[in-house]
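What follows is each chain in one-letter form.
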Amino acid sequence: MSEVEESGRDALTGLPENAQESMVGTMFIPPLFKALGYNQLEIFPQYNTGNGSVDFALRHNQAGDDIFLQTATNPNVLVEIKGRDYSLDEESTRYKSTVKQLKRYLLSPECTNTQWGIITNSCHIQMFRKHGKVIHPVTQCLEIKVTNIDDIIKTIKQKIYSPFTALTVAIYNNKGGVGKTTTTVNLAAILTILDKRVLVVDFDPNQRDLTNYLNVSPNKTFYSLLDDINEVVNIRDVIRPYAVKSGNSKQRLVFDVIPCDEGLGSKSDSELEQLFKTARLKEILNRVKYDYDYILIDSPPNWRFFSASAVYAADVVLIPTKHNNPFSLVNAGITIKSHIPQVQAVKKDGTPIALPIFWNGERITDPARQVAHKLMDEIIKQSHKTIDLFPYFYPRHTSTNKDKYVFELPSYADIAKYTFDKVPAVYKDKTAREYYLSLAKEYFLQ
Amino acid sequence: MKLDTIGNLMLLYMTQISIKESISVPSFLIKAAADRMRKPDARNWVPVIVREVENNKYEVIGNSYVYAVAEEAQLERVWCIIADTSEETENIAKILSSEQTPKINLTSATYDDIKAALQYLIEKPGSELKGVSVQTATARIDEAGDRKYWKNLDPITKLKCGITVAKVKALNEIFYLTPEEPESKSTDLQKMTVPQLKALAKERGIPGYSKKTKAVLIKELSGG
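Residue indices begin from 1 for each chain and proceed along its sequence in written order. Just so you know, chain letters begin at A and ligand numbers begin at 1, following the order they were written in. Predicted model: local features are reported for residues with pLDDT of at least 70 only, side-chain atom pairs are reported and counted for 80 or more only, and whole-chain, interface and lining totals are derived from all residues. Excluded from the side-chain calculations are hydrogens and water; all other atoms, namely the structure's heavy atoms, are used.

Thoughts on the overall build of chain A
The numbering of helices and of strands both runs from the N terminus, where a helix is a DSSP run of H or I of at least 4 residues and a strand a run of E of at least 2. Counting its secondary structure elements, chain A contains 18 helices and 17 strands. Atoms counted for the radius of gyration: C-alpha only. Globule rule: 2.2 Å times residue count to the power 0.38. For 446 residues, the compact-globule estimate of 2.2 N^0.38 gives 22 Å, and chain A sits close to it at 23 Å. Here the C-alpha coordinates of chain A stretch approximately 65 × 55 × 50 Å along the principal axes. The rule is simple: take the accessible area with a 1.4 Å probe, protein chains only, and divide by the maximum for that residue type; under 20% is buried, over 50% is exposed, in between is partly exposed. Here chain A, with 446 residues, has 54% of them falling under the buried criterion. Counting contacts in chain A only where the partners sit at least 6 residues apart, residues at least 24 apart contribute 69% of the total. As displayed, chain A offers around 19300 Å² of accessible surface, 49% of which is attributable to carbon and sulfur atoms. Each charge sign in chain A was given a centre, from 53 positive and 51 negative side chains, and these centres are 5 Å apart. Contact between two residues is taken to exist if any of their heavy atoms lie within 4.5 Å; hydrogens are not considered. A 1.4 Å probe and the Shrake-Rupley method give the accessible areas. Residues count as covered only by the protein chains that appear here. Only four residue types enter the charge count: Lys and Arg as positive, Asp and Glu as negative, with His and the chain ends excluded. Here the site of a charge means NZ on Lys, CZ on Arg, CG on Asp, or CD on Glu.

Below, the structure is given as C-alpha cells:
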C-alpha cells in the first residue's frame with residue numbers, strides 16, 4: 001500500500017535543486033506531515049522550546065479540548081528543517097551542527113516528554129529518539145528518492161505510532177576488569193528505586209558474575225530461548241525477578257533478570273556462531289521492549305559472539321573505564337572507532353551509539369588524572385582521521401572551550417563489599433546510592 | 001568478528017528452510033541416502049546452500065538433493081552454507097550443484113565452445129537433437145557471418161544443418177545471446193548513389209521515392 005498520495009509524492013521528491021529553507025517549509029513539509037498523519041491543528045510552526053525555536057512541533061490532539069495548536073504543550077515530535085542548499089550529508093560539519101541544534105531543542109525544559117526529533121532538508125531525512133536524557137538515531141541519514149519515499153514514511157510512522165518504551169543499554173569494554181557487572185547491577189538498582197521498570201540481561205556465560213551476584217536461577221534456560229526459532233518458549237519462564245526490601249521503608253524493590261546458564265558457556269564462540277546470528281539476542285529482547293523502561297545487558301570483554309550480540313541488541317553502549325588502566329582507555333577508543341561502526345553498518349538504523357566514557361570507581365589523584373588525560377589526548381589524536389573521539393572522551397569539549405570533563409564514579413570500598421553479600425550496594429548504602437544516582441543522572445535521566 | 005551470516009556454515013532447523021523448486025531424483029537414491037543419514041552422529045558433510053529470504057526463514061538455492069535426503073531422514077537440523085540473496089548467486093549455486101546447465105554466449109562463442117556444447121546436448125540420453133551431426137551443425141553455426149547480431153536462435157533453422165524449427169528450442173538449454181546492435185546503416189547509405197537509394201526505397205515500399213532528394217531518402221531509409 002502506498003503511504004503517500006500521488007500529488008504528495010511529487011512535492012516530496014520534485015523540489016528544485018537549490019530550494020531554500022522557506023520553499024522546503026512550504027512545499028515539502030505539508031505533504032510530509034499529512035503522510036505522517038498530522039492535521040493542521042496538530043502542527044505548531046516556530047515552536048518555542050524554551051531553548052530556541054524549532055521549525056515545527058507536532059502532537060496529536062487528545063480527546064476533549066486539547067488542541068495542540070492552541071495549548072502548545074508537550075510536543076511529541078520536533079522537526080528542524082534546512083534548505084536543499086544546506087548539506088545534511090552525514091560527514092559534513094553542517095550535518096553535525098544540525099544534529100547538535102536538534103539535541104539542544106529536545107533537551108529543553110518544554111520538551112521533557114518529547115519522544116522524537118527529525119531533521120530534513122528534503123534531500124536527506126533522519127529521525128532521532130529521545131529517551132530521558134539519551135538521544136539516539138533510529139534511522140540512518142537517508143537520501144530521499146522517488147523510489148524510497150514510501151518506505152521512509154512507513155518507517156517513521158511505525159516508530160511514532162508504536163514506540164518501544166525500553167532503552168537498551170549494553171555495558172561493554174573490550175578490556176576486562178573495569179567493573180561492568182558492578183555498574184550494571186547498581187545502575188539497575190538505582191533505576192528501580194526511581195520507579196523505572198528494569199530488565200538486566202546476563203550475557204557473559206563464562207563468568208556469569210551477574211547471575212551469581214544476584215543469586216537467581218531460571219526455570220528455562222537462556223539457551224533454550226536463543227534456540228527457540230518458533231517462539232514456543234515463553235520468555236517469562238526465563239526472566240526471574242530479583243527482589244529486596246528497601247532499607248528503611250517497607251517498600252519491595254524488584255527488577256527482572258535474564259540469568260545466564262552453563263549451557264551457553266560450554267559452547268565455544270565459533271560453535272555459537274554456527275547456531276545463532278548476531279542479531280538473535282536483539283530479536284529476543286524485542287519481545288519485551290514494551291514491558292520495560294531500561295534493558296541493561298552485561299557483556300563479556302573481547303569482541304566475539306557474546307559482546308557483539310550485546311552491542312547489536314543495544315540502542316546505546318555505556319563504556320566503563322579506569323583512569324589508571326591505560327588498556328581500558330585504548331580499548332574504549334577501539335570500541336567507539338571500530339566495533340560500534342561495524343554494527344551500525346549491518347543494522348542500518350543508526351544504532352548503537354556510544355555514550356561518553358566514564359572513569360569507574362578508583363581514587364584519582366591530580367597527577368594520575370593528568371596522565372589519563374594525556375593518554376586520552378593521544379588516542380584522540382591518533383584516531384582523528386577515522387573518527388572524532390572528542391564527544392565520547394570529553395563530552396563538554398568544544399572548539400572554543402577545551403573542557404576536559406570526564407564523569408567520575410568515585411571510589412568507594414563498600415561497593416565491592418556488598419558484592420560478597422549478593423546485594424547491590426545501592427540498596428544498602430547511602431553513599432553508594434548517591435554515587436549511582438549521579439551516574440544515572442549523568443547519562444539517562446532528564 | 002563477522003556480524004552478518006553470509007558465507008557462514010550454520011546448523012539450521014529443517015522447519016526454517018523451504019524449497020522453491022522440487023527436484024526429480026529417483027526415490028531410491030533419496031531413500032538409500034536417508035538410511036545412511038539416520039545413523040547416530042551422522043552429519044551432512046555436504047551442506048545445503050540456502051539464502052535468508054525473511055527473518056530466520058531460509059530457501060534452498062543449491063544442493064537440493066541433500067535437503068531432500070535430510071527431509072526423508074527426518075533430520076531436525078541440517079548444516080547449511082548461507083549465501084547472499086542475489087540472482088547471480090542463485091544461478092551459480094544451481095550450476096555448481098549440477099541443478100542447472102551452464103550456458104555459453106553464442107554471440108561470441110568459438111568453434112570449440114560451440115562444438116563441445118552441441119556434443120553435450122546431442123549425446124544426452126533422450127536428446128531431441130538425436131541424429132544431428134555435430135560437425136555440420138558446428139561448422140554452419142560458427143560460419144554464420146551475422147551470428148553476432150542474432151536476437152534469438154531462429155536463424156539456426158535456416159542453416160540446413162538438421163536443426164529444424166521444432167528442435168531449435170532445445171538449444172536454449174546451452175546457449176544465450178547478447179546481440180550487438182547492427183552498425184548504423186546511415187553511414188552506408190551516405191556512400192550509395194541516388195539510383196541505388198531509390199532501388200532500396202522501392203524495395204522497402206517507401207511511397208513517392210522517385211521524386212525525393214538524396215537527403216530525404218537517407219533520412220527515411222535509416223529511420224525505417
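Still to come is the rest of the account.
Structural notes on the sheet that holds strand β9 (residues 198-202) of chain A
All names here are of chain A. We treat two strands as partners when DSSP finds at least two bridges between them. Across the sheet, which stays open at both edges, the seven strands sit in the order β10-β11-β9-β12-β8-β13-β15 with mixed pairing between neighbours. Both edges of this open sheet fall to β10 (240-245) and β15 (353-354), since each of them pairs with a single strand only. As judged from the five bridges shared by strand β8 (residues 167-171) and strand β12 (residues 294-298), these two strands associate in the parallel manner. Pairing of T168 across the sheet is with I295, part of β12.

Some remarks on the interface of chain A and chain B
The figure often quoted for interface size is the accessible area lost as the parts come together. Taken residue by residue, the interface counts 18 residues in chain A and 18 residues in chain B. As a working definition, buried area equals the accessible area (1.4 Å probe) given up by two parts on being put together, with both sides summed. Among the residues chain A hides against chain B, the three largest losses belong to I229(A), Q274(A) and K277(A). Together they make up 39% of the total. A pair is scored as a salt bridge if a Lys or Arg side-chain nitrogen falls within 4 Å of a carboxyl oxygen belonging to Asp or Glu. Where chain A touches chain B, the interface holds two salt bridges. Between R77(B) and D227(A) there is a salt bridge, and its shortest N-O distance comes to 3.3 Å.

A short note on unusual backbone geometry
Residues and elements named next belong to chain A. Going from T351 to P352, the amide bond is cis rather than trans, its omega being -5 degrees. Along the chain, the position of P352 falls in the loop between α13 (326-347) and β15. In this model, S122 sits at a positive phi of 80 degrees, which is unusual for a non-glycine residue. Along the chain, S122 falls in the loop between β4 (116-120) and β5 (124-131). With a relative accessible area of 1%, S122 lands in the buried category. Even without being a glycine, N215 presents a positive backbone phi close to 55 degrees. Examined against the element boundaries, N215 turns out to sit in the loop between α7 (209-214) and α8 (222-226).

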